[in-house]
Amino acid sequence: MGSVLVLLHATFVRLRQIFHRARKEIISDDGDYDEFDVQVVHYKPSNLDELCLVTKFSREEIKLIYRGFKQECPAGVVDEERFKELYSQFYPLGDAGTYAGYIFATFDQDEDGHVTFDQFITGMSVLSRGTMPQKLRWVFNLYDLNGSGRISKSNLRDIILSVNQMLGSHAKPPTDDLSTKEHVERMFQKFDLDKNGEISFSEFLLACESVCKKIGIKYFKTYFLTFPFFMYF
């Protein structure tokens, strides 16, 4: 389950790096936050007070994140192709496109092909400062590729393959179809508690709680919620 940890942490770090390339100083007033080039902007974010209410970020933090977001996405939104380009910069030895697409889908809640700043900052709030159940729900939704409310073996296989593609030559140990299939079966032995061939969110939570008790909450929070949990089974 350690990979759930590695997934969350790595995802948060990569996204933070992508959108924090702007100047490191804090914007001094709301005017800079609201400033757009009207010729290119298609979306205007909610005001700071509203975003503070729905996220766990301060006004200053939101301003800083927004500055980086606007620098990379002047139109106020990011589409899937641009998101993949940005995410892939951190994995030059592999192909991060498929995995980045899965992450993009978790932010694109209305499935319109674009992620707004509101959607982005809300997702980042969950990844960085959400409760344990909220973070686990985010991971579960990432693996539930078709939005059915359950993780199937094909869902898990596709996630594993996408991570191996992303890591490229850094994938350890190297995997093939047989090892991937065995990995999926090991996961389901631990998470599919009723043995019906699917993992529900309640089963996912129970299995994670069991792991947490075995390895300790501190380790679970700092490591386990950082990368695809399947990597550790």
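Here goes a summary of the coordinates provided. (Residues numbered from 1 in each chain as written. Predicted model: local features only at pLDDT ≥ 70, side-chain atom pairs only at ≥ 80, totals over all residues. Heavy atoms only, no water.)

**With respect to the environment of Asp194**
Thought 1: Mapped onto the secondary structure, Asp194 falls in the loop between helix 10 (177-191) and strand 4 (198-200).
Thought 2: Looking at Asp194, its side chain comes within polar contact range of the main-chain nitrogen of Asn196, at 3.2 Å. (Helix = DSSP H or I, 4+ residues; strand = E, 2+ residues; numbered from the N terminus. Polar contact = N/O pair within 3.5 Å; in protein donor to acceptor, adjacent residues only side chain to side chain.)

**Considering the packing of aromatic side chains**
Thought 1: The full count for this structure, using the stated rule, is 12 aromatic pairs.
Thought 2: Consider the rings of Tyr87 and Tyr91, whose centres lie 5.9 Å apart with planes at 25°: the pair is stacked. Taken as a pair, Tyr87 and Tyr91 share a single burial class, namely buried.
Thought 3: Across from the ring centre of Phe201, 3.7 Å away, lies the NZ or CZ of Arg137, which sits over that ring.
Thought 4: Over the ring of Phe188 we find Lys153, and its NZ or CZ is 5.6 Å from the ring centre. (Phe/Tyr/Trp six-rings, centres within 6.5 Å; stacked < 30°, edge-to-face > 60°. Buried < 20%, exposed > 50% of the residue type's maximum accessible area, 1.4 Å probe, protein only. Lys NZ or Arg CZ within 6 Å of the ring centre and 35° of its normal.)

**Comments concerning the environment of Ser152**
Thought 1: As for its position among the elements, Ser152 is in strand 3 (residues 150-152).
Thought 2: The class of Ser152 is buried, set by a relative accessible area of 18%.
Thought 3: Each C-alpha atom, one on Ser152 and one on Val184, is 9.7 Å from the other, the two residues being 32 residues apart in sequence.
Thought 4: Those residues in contact with Ser152, other than ones at most four positions away along the chain, are Phe188 and Gly197.
Thought 5: For Ser152, the side chain forms a polar contact with the main-chain nitrogen of Asn155, separated by 3.1 Å. (Contact = heavy atoms within 4.5 Å.)

**Notes on helix 8 (residues 132-143)**
Thought 1: Look at helix 8: 17 Å from first C-alpha to last across 12 residues, which is about the 16 Å you get at 1.5 Å a residue.
Thought 2: Among all positions of helix 8, only Met132, Lys135, Leu136, Trp138, Val139, Phe140, Leu142 and Tyr143 are buried. (Expected span 1.5 Å × (residues − 1).)

**A closer look at the pattern of salt bridges**
Thought 1: Applying the stated criterion to the full structure yields nine salt bridges.
Thought 2: As a salt-bridge pair, Glu72 and Arg82 come within 3.1 Å of each other at their nearest N and O atoms. Of this pair, Glu72 sits in helix 4 (residues 59-72) while Arg82 sits in helix 5 (residues 80-88), and the two are 10 residues apart along the sequence.
Thought 3: The partner of Lys84 in a salt bridge is Glu81, and the shortest N-O contact between them spans 4.0 Å. In this pair, Lys84 and Glu81 are both assigned in helix 5, three residues apart and thus about one turn of the helix distant. (Salt bridge = Lys/Arg side-chain N within 4 Å of Asp/Glu carboxyl O.)

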